[in-house]
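Notes for the structure review
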Amino acid sequence: MKALDRKVLRDLRLLWSQALTIALVVASGIAGFVACLSAVDSLALARDRYYERDRFADVFATVKRAPDALARRLAGIDGVIDVQPTVEAMARVTVPGNPDPVIGQLIGLDSHGAQRLNRVSVRSGRFPAPGSRAGGELEALVSEGFAQAHRLAPGGHVRALVNGKLRTLRITGTALSPEYIFAGLWGMPDLRAFGVFWVDTDELAAAMDMQGAFNRVALKLSPHASARGVIDAVSAQLAGFGGLPAHDRTDQVSHAMLDNEIREQQVLGTVLPSIFLAVAAFLLHVVAARLVATQREQVAALKALGYTDGAIALHYLKLMAPMVGGGWLLGLALGKWLGIGLMGLYDDVFRFPVFAHTVPGALVWTSLAIVAVTAVLGTLTAIAATVRLQPAEAMRPPAPGRYRRSLLERVPRLRTGPALRMILRNIEQRPLRAAVTVGGIAVSVAIVIMGNFFRDSVEVILDTSFTLGLRGDVVVWTADPVDAAAGRLLARIPGVLQAEPGRRVAVRFIHGQRSETGIVQGRASGHGLQRVIDVDGKLALPPATGLLMSERLAGKLGLRVGDTVTVEMREGRRLVREVAVESLVRDMMGLNAFMERRALNRLLGEGDVASDFTLATGRGAARSVLNATQALPRVTGAFGKDTMVRNMEEVTARNILTISAIVTAFAAVIAVGVVYNNARIALAERGWELASLRVLGFTRAEVSVLLLGELALGIAVAVPAGMALGWWLTQAVVDLMGSDQFLFPVVIRPRTYALAALCVVAAGVASAMVVRRRVDRLDMVAALKTRE
């Protein structure tokens, strides 16, 4: 073994604790990088394979009723290679033993021919038999997530209100479909309140009076087809049959939610690891720089003996390599484990037939390259100046520092004790070191804040949407607009205190060359039961003539207040209107625009109609009101606010808690790495000074205060700086994760700031206790030996 290699081993034994903290910081960065991006890759791979295997459609359209012959004409459109018409219906479902309202999507399954698009794969049980059973029962497959949430198994049953008639659905098995990888109502991750049921298409068509017709169609396109051209052609042919215009996958709810999740994880998998590896590079730089500074004489001796600058630089790279390499290996293992955990969280929301976690080889080699660059940059920038010194110059001890009164000491009438003066002067002597230490600790605070911000943000979204915005207790809606006077019928239900009509219209907004699909919501004027609330919790009133538009929608269209936008109705008579944008609002869910309901009806050329009703009920009456609406044939669906909030909190709580715990643990690793390394190196550099003070009569506690007081002062400065940095980092991540589905409000509650401060202070105290033990064991004789 070469002499320099033996020196590497000796130095590693001496630096083992510092090497461990550096390895842990590197491992945290690599684990975050591998976990997030491998989960994204696994999610995207499972999606792409599932789409290909079960032939997920490219274009979708919904109509009121169209003859089956029309499907053959759609197949003749240039670029279309397959067409699959279906009969579908939304139904209110009652699950035995579950009093909460449930919405079911019933889809006709053709038992006479092979499934061509959006194939249904059976997970347990069997396909439903054609025809109905005794008593009018229908056999049905049920979506796997819903079945697990309600513990439904083959042989069980539910009751569904189909076209005003109550039918029993006998469960024959559980199933999956690429059309419902994400199965939730209006984009909400609520597996208990929404389920998909596949039944015999002939029986469903008979129940819906749709024999020889369809109300939904899916199309598969050739690889080089123009999606926009096909969508326009399909919409033109279906225009006379009601419903909504055709759209591609971007407006398909399941695909949009899946695509949004992949994009968010790509952001997190890039931002957080970058921070960790930057801190790792800083720690390597600090350790290497201070190690070389304490080994100036050894470097000089090596150069005098004929070792080249390159050989000495390689020696120190070899010293850092085990720290970084060990961190990389640990990070890969930890990243694999965390990636599997993330896949488990995804499995609660996204359903695939095959969902396995894999770490691509390219990701492994990329992480190795990143770690290698981090090690080389952190080490070479630290040792460059010392390695270039001539042997004679390097033999000399470094020039003693020049100390003077600190800035704080110059403040009139401010008394500082000897210990504080020594601490302040040492900080001013090395301002860059102090600033970098404060920066590293501040980053720890910022990461804890960012990791726990999502909990605060989701709470604000739920509170704003369901407490401030939705003042009613029950919402019911109809398949088609009905006379708003139906609200009086609902108001006569026992327990209902107030019924407020609303209107929702699917539209396409056009401004110049830009266009976006969205919803215009007709709300009551003034302080109604459904109100528009912005991210600051302020009420925004829908105007009586123009539009109140979401800021995100206006930004995508390039609109400002006072501009006119073309509104192309996507239902009914497909009217086109020019409407002024009167005001903007920063809402949090979807791309929406709002008008006063009667003004919206006038814009549509309709009478006083409504498509949904919000009901305020007496205390404890919501459930009986929901049951009473079952007898109303025009009511397609209903939900209770309390039930929806509870279900959403159950789904999000575990995911948010898990992610917050992981990020907080990683931030604690950074805090320990920065504080401990700085304390250890300061002890090595100032051992002679501390030993001298002990000889002069200073106690162990007084000597420890001089060393650890500097770190305590750094933490005290870093915590508020980290809080500000945490807000900025959170804002940057939210901007990068922006989507059409959600706007996460940047709201950080006091408890999150307190948790971040407590986490970092605890890490600092733990590190200080370890260093304090080393101060107590300081060998004064060895420390006071004069260097010759």
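The structure displayed is predicted, hence computed values, not measured ones. (Residues numbered from 1 in each chain as written. Predicted model: local features only at pLDDT ≥ 70, side-chain atom pairs only at ≥ 80, totals over all residues. Heavy atoms only, no water.)

Quick word on the overall build of the protein chain
Rules: Starting at the N terminus, helices and strands are each numbered in turn, a helix being any DSSP run of H or I of at least four residues and a strand any DSSP run of E of at least two. To sort residues, take the accessible area from a 1.4 Å probe on protein chains only and compare it with the maximum for the residue type: under 20% means buried, over 50% means exposed, and anything in between is partly exposed. Here a residue-residue contact requires only that any non-hydrogen atoms of the pair lie within 4.5 Å. Throughout, the Shrake-Rupley method with a 1.4 Å probe supplies accessible areas, and for residues the shown protein chains are the sole cover considered.
Looking only at helices and strands, the protein chain has 22 helices and 22 strands in total. The burial tally for the protein chain puts 54% of its 788 residues in the buried class. Within the protein chain, residue pairs in contact and separated by at least 24 positions form 83% of the contacts whose partners lie at least 6 positions apart. As displayed, the protein chain offers around 34400 Å² of accessible surface, 59% of which is attributable to carbon and sulfur atoms.

Concerning the pairing of strand β20 (residues 592–596)
Test applied: For two strands to be treated as a pair, DSSP must find no fewer than two bridges joining them.
Counting buried positions along β20 yields 5 of 5 residues, so the element is predominantly enclosed. The alternating pattern of β20 places Asn 592, Phe 594 and Glu 596 and Ala 593 and Met 595 on opposite faces, both of which are buried. Judged from the 2 bridges that link them, strand β17 (residues 547–550) and β20 form a sheet pairing that is antiparallel. Paired with Met 549 across the bridge in β20 is Ala 593.

Quick word on the side chain of Thr 201
Within the fold, Thr 201 resides in helix α5 (residues 201–207). With sequence-adjacent residues up to four places away left out, Thr 201 is seen in contact with Val 87, Gly 108, Leu 109 and Asp 110.

Describing the packing of helix α3 (residues 68–75) against helix α6 (residues 227–238)
To keep things clear, this is the line we draw: In this analysis, axes come from line fits to C-alpha atoms, helices being fitted only over the stretch in contact, and the angle between any two N-to-C directions falls in the range 0 to 180 degrees. Angle categories: roughly parallel below 35 degrees, roughly antiparallel above 145, roughly perpendicular from 65 to 115, and oblique for all the rest. It is the rotation of the near helix from the far one that decides the hand of a crossing: anticlockwise by less than a right angle makes it left-handed, clockwise makes it right-handed. By the convention adopted, Pro, Cys, Tyr, Trp, Phe, Met, Ile, Leu, Val and Ala count as nonpolar, Lys, Arg, Asp and Glu as charged, and the other residues, Gly among them, as polar.
Direction vectors running N to C along α3 and α6 enclose 155 degrees, while the axes themselves pass 11 Å from each other. Here α3 is positioned roughly antiparallel relative to α6, judged by the angle of their axes. At the point where α3 passes α6, the crossing takes the right-handed sense. Contacts from Leu 70, Arg 73 and Leu 74 in α3 reach Val 234, Gln 237 and Leu 238 in α6. Taken together, the residues of the contact of α3 with α6 sort by class into 4 nonpolar, 1 polar and 1 charged.

Remarks on the packing of helix α1 (residues 3–14) against helix α9 (residues 309–347)
Packing of α1 against α9 brings their axes to within 10 Å, and their N-to-C directions diverge by 40 degrees. By the angle between their directions, the pair α1 and α9 is classed as oblique. With respect to the hand of their crossing, α1 and α9 are arranged in right-handed fashion. Across the interface between the two elements, Leu 4, Asp 5, Lys 7, Val 8, Asp 11 and Leu 12 of α1 pack against Ala 311, His 315, Tyr 316, Lys 318, Leu 319, Pro 322 and Met 323 of α9. Its residues assigned to classes, the contact of α1 with α9 shows 8 nonpolar, 1 polar and 4 charged.

Some remarks on the pattern of salt bridges
Stated precisely, the cut-off is as follows: For salt bridges, the criterion is a side-chain nitrogen of Lys or Arg within 4 Å of an Asp or Glu carboxyl oxygen.
Evaluated as defined, the whole model comprises 24 salt bridges. Between Asp 54 and Arg 53 there is a salt bridge, with its nearest N and O atoms 3.1 Å apart. Between Glu 88 and Arg 216 there is a salt bridge, with the nearest N and O atoms lying 3.3 Å from each other. Linking Glu 88 in strand β3 (residues 88–95) with Arg 216 in strand β10 (residues 213–221), this pair joins segments that are 128 residues apart in sequence. In this pair, the class of Glu 88 matches that of Arg 216, namely buried. Salt bridges here are not isolated pairs; linked through shared partners, they connect Arg 47, Asp 48, Asp 259 and Arg 263.

Here we look at the packing of aromatic side chains
Put simply, the test is: A pair of aromatic rings is counted whenever rings of Phe, Tyr or Trp (Trp by its six-membered ring) have centres within 6.5 Å, and the orientation is called stacked for planes under 30 degrees apart, edge-to-face for over 60 and tilted otherwise.
Applying the stated criterion across every chain, the model contains 8 aromatic pairs. Between Phe 146 and Phe 197, the aromatic rings sit 5.7 Å apart at their centres with planes inclined by 75 degrees, giving edge-to-face as the arrangement. Linking Phe 146 in helix α4 (residues 144–150) with Phe 197 in strand β9 (residues 194–200), this pair joins segments that are 51 residues apart in sequence. The pair Phe 146 / Phe 197 is uniform in exposure class, with both members buried. Site record: aromatic cluster; members linked through ring pairs are Tyr 50, Phe 352 and Phe 355.

Some points on the nonpolar core
Heads up, the rule is: Here, nonpolar core means buried Ala, Val, Leu, Ile, Met, Phe, Trp, Tyr and Cys residues that are tied together by side-chain atoms lying within 4.5 Å of each other.
Counting 121 residues, the largest nonpolar core has Phe 350, Phe 352 and Ile 447 as the members making the most contacts within it. At 17 residues, the largest contribution of residues to this core is made by helix α2 (residues 16–53). With residues up to four places along the chain from it excluded, the contact list for Phe 352 reads Leu 43, Ala 46, Arg 47, Tyr 50, Arg 123, Leu 176, Ile 181 and Leu 258. Judged by nonpolar contacts, the second largest core, of 25 residues, contains Val 95, Val 102, Ala 140 and Leu 204.

Some words on the confidence of the model for the protein chain
To keep things clear, this is the line we draw: Residue-level confidence of the predictor is what pLDDT reports, using numbers from 0 through 100.
Here the protein chain averages 81 in pLDDT, while 89% of its residues score no lower than 70. The lowest-confidence element of the protein chain is helix α22 (residues 780–783), averaging 62 in pLDDT; the highest-confidence one is β10, averaging 92.

A closer look at a nonpolar patch on the surface
Rule in force here: Residues qualify for a patch when their relative accessible area is over 30% and they have no salt bridge, like charges being joined within 9 Å and the nonpolar side chains of Val, Leu, Ile, Met, Phe, Trp and Tyr within 5 Å.
On the surface, Trp 16, Leu 20, Leu 24 and Leu 330 cluster together into a nonpolar patch covering about 390 Å² of accessible area. For the nonpolar patch, the element with the most residues is α2, which contributes 3 residues. In this fold, Trp 16 is placed in helix α2.

So, the sheet that holds strand β11 (residues 244–248)
An order of β2-β10-β1-β11 is seen for the 4 strands of this open sheet, with the pairing classed as antiparallel. If you trace the sheet from one side to the other, it starts and ends with β2 (80–86) and β11, each paired once. Looking at each pair of strands side by side, their axes are set apart by 25 degrees on average, direction ignored. With 6 bridges joining them, β2 and β10 adopt antiparallel strand pairing. Across the sheet, Val 83 pairs through a bridge with Leu 219, a residue of β10.

Details of the environment of Glu 702
Within the secondary structure layout, Glu 702 lies in helix α20 (residues 700–736). A sequence separation of 12 residues divides Glu 702 from Leu 690, and the C-alpha atoms of the two residues are 9.8 Å apart.

Digging into the environment of Ala 69
Within the element layout of this structure, Ala 69 appears in helix α3. Accessibility expressed as a relative area gives 33% for Ala 69, which makes it partly exposed.

Overview of unusual backbone geometry
It is generally the case that most residues other than glycine have a negative phi and that most peptide bonds are trans. For Arg 55, which is not a glycine, the phi torsion comes out positive at approximately 50 degrees. Even without glycine at this site, Asp 209 takes up a positive phi of about 55 degrees.

Things to note about the side chain of Asp 587
In plain terms, the rule: In this tally Asp and Glu are treated as negative and Lys and Arg as positive; neither His nor the chain ends contributes. In protein, a polar contact means a hydrogen-donor-capable atom and an acceptor-capable atom, both N or O and within 3.5 Å, with residues adjacent in sequence counting only if both atoms are side-chain atoms; elsewhere, any N or O pair within 3.5 Å suffices.
Looking at the element boundaries, Asp 587 is found in the loop between β19 (576–585) and β20. The side chain of Asp 587 sits in the buried core without any salt bridge; Arg 552 is the nearest counter-charge, 4.1 Å away. A distance of 3.5 Å separates polar atoms of two side chains, one belonging to Asp 587 and the other to Asn 592. Setting aside chain neighbours within four positions, we find Asp 587 in contact with Ile 533, Val 535, Ser 550, Arg 552, Asn 592, Phe 594 and Leu 743.

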